[in-house]
Amino acid sequence: MELYLDTANVDEIKEIASYGLLDGVTTNPSLIAKSGRSFKEVIKEICAIVPGPVSAEVLATKHEDMLKEADELVKIAPNVVIKVPLIPEGLKTVVKLTEKGIPTNVTLCFSAPQALLAAKAGATYISPFIGRVDDTSWDGMELVSEIREIYDNYGYETKILAASIRGPIHLKESALRGADCATMPISAYQQLFKHPLTDIGLEKFLEDAKKLKW
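Residues take numbers from 1 onward in each chain, read along the sequence in its written order. A pLDDT threshold of at least 70 governs which residues receive local features in this predicted model, and a stricter bar of 80 or more applies before side-chain atom pairs are shown or counted, although totals over entire chains, interfaces and linings include all residues. Only heavy atoms go into the side-chain values, all of them from the structure, while hydrogens and water stay out.

An unreviewed UniProt entry annotates the protein chain as Probable transaldolase of Leptospira andrefontaineae. UniProt positions are given in the numbering used here, feature names are shortened, and annotations may be inferred rather than shown by experiment. Per UniProt, the comment on the protein chain under Subcellular location (unreviewed entry) is "Cytoplasm". According to the UniProt record, the Pathway (unreviewed entry) comment for the protein chain is "Carbohydrate degradation; pentose phosphate pathway; D-glyceraldehyde 3-phosphate and beta-D-fructose 6-phosphate from D-ribose 5-phosphate and D-xylulose 5-phosphate (non-oxidative stage): step 2/3."

See the structure below:
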């Protein structure tokens, strides 16, 4: 399973990348706006840190404008993935980008039929928003299972990129249900390392280590 960081904070990306456990990065206009920096500047710096896929979202909502923005974004670095909202104009754009061999990430997916349309359009990734689905009293994990079954039924190669991951349980369930990738904020990523028994065990080991001769 590929693990991505959902952020535009370069320092956070450098920290997780230093572990050797970061496969890619997803960004969006809201995250980049928080940085107060130029959109293209941030994407370029992230792509230089992370060799894996970096999702950069178009800002336009019209097909022709999306294509123009995508053409500019792919010039930034070879690992840029064009992130497109799951709307008719967006999927129309995905079809054209796929024909050009440009990878895409279809975002704001909240249902299995939406995911089916994205796969038919040729999307490289589909991003179901697990946490946000849970927030509406629906089951985000069931959505991952439904998408996995549909894709397997028809041989779609679109990767399921579980998004809006809130913590270790979301990640575990996404992995068990067959998501190909997961993206999360640094707070959720850091939780993956933690378990109270690990802390207790380490404390005991360190106490015993004081009695040893090296």
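Once you've had a look at it, read on.
What follows is about the overall build of the protein chain. The number of helices and strands found in the protein chain is 11 helices and 8 strands. Based on the C-alpha atoms only, the size of the protein chain along its principal axes is roughly 70 × 40 × 30 Å. Per-residue burial for the protein chain yields a buried fraction of 45% across its 214 residues. Considering only residue pairs separated by 6 or more positions, the protein chain has 56% of its internal contacts joining residues 24 or more positions apart. Surface accessibility follows the Shrake-Rupley procedure with a 1.4 Å probe radius. Residue values consider only the protein chains on display as shielding. For the protein chain, the accessible area works out to roughly 11400 Å², and carbon and sulfur atoms hold 57% of it. Segments assigned H or I by DSSP are reported as helices when at least four residues long, segments assigned E as strands when at least two residues long, and all are numbered from the N terminus. Think of it in three bands: residues with accessible area under 20% of the maximum for their type are buried, residues over 50% are exposed, and the middle band is partly exposed, with areas taken using a 1.4 Å probe on protein chains only. Contact definition: two residues touch when any of their heavy atoms are within 4.5 Å.

So, on to the environment of Glu72. On the secondary structure map, Glu72 appears in helix H4 (residues 63–73). Assessed through its relative accessible area of 36%, Glu72 is described here as partly exposed. Along the primary structure Glu72 and Leu117 are separated by 45 residues, whereas in three dimensions their C-alpha atoms are 26 Å apart.

This paragraph deals with the UniProt feature "active site" (unreviewed entry) in the protein chain. When the UniProt feature table is mapped onto this chain numbering, "active site" (unreviewed entry) sits at Lys83. Tracing the backbone shows Lys83 in strand E4 (residues 80–85). A relative accessible area of 5% means that Lys83 is categorised as buried. Residues within four places of Lys83 in sequence aside, it is in contact with Thr26, Thr27, Asn28, Ser55, Ala56, Glu57, Val58, Asn105 and Thr107.

Residues Val80, Ile82 and Ile126 are the most contacted members of the largest nonpolar core, which totals 59 residues. Each residue touching Ile126, except ones within four places of it in the same chain, is listed here: Leu86, Asn105, Val106, Cys109, Ala115, Ala118, Ile147, Tyr151, Thr158, Lys159, Ile160 and Leu161. The nonpolar core is taken to be a set of buried Ala, Val, Leu, Ile, Met, Phe, Trp, Tyr and Cys residues, with the residues joined through side-chain atoms within 4.5 Å.

Note on definitions: salt bridges are taken to be side-chain nitrogens of Lys or Arg within 4 Å of carboxyl oxygens of Asp or Glu. Going through the model one piece at a time under the given rule, you end up with 15 salt bridges. Of the charged contacts, one joins Arg37 and Glu45 as a salt bridge, the two residues approaching to 2.6 Å between their closest N and O atoms. Taking the relative accessible area as the measure of exposure, Glu45 reaches 28% and is therefore partly exposed. The shortest N-O distance in the salt bridge between Glu142 and Arg177 comes to 3.8 Å. With Glu142 in helix H8 (residues 140–154) and Arg177 in the loop between helix H9 (168–176) and strand E8 (181–184), this pair connects stretches of sequence that are 35 residues apart. Several salt bridges share partner residues, and in doing so they unite Glu142, Lys172, Glu173 and Arg177 into one network.

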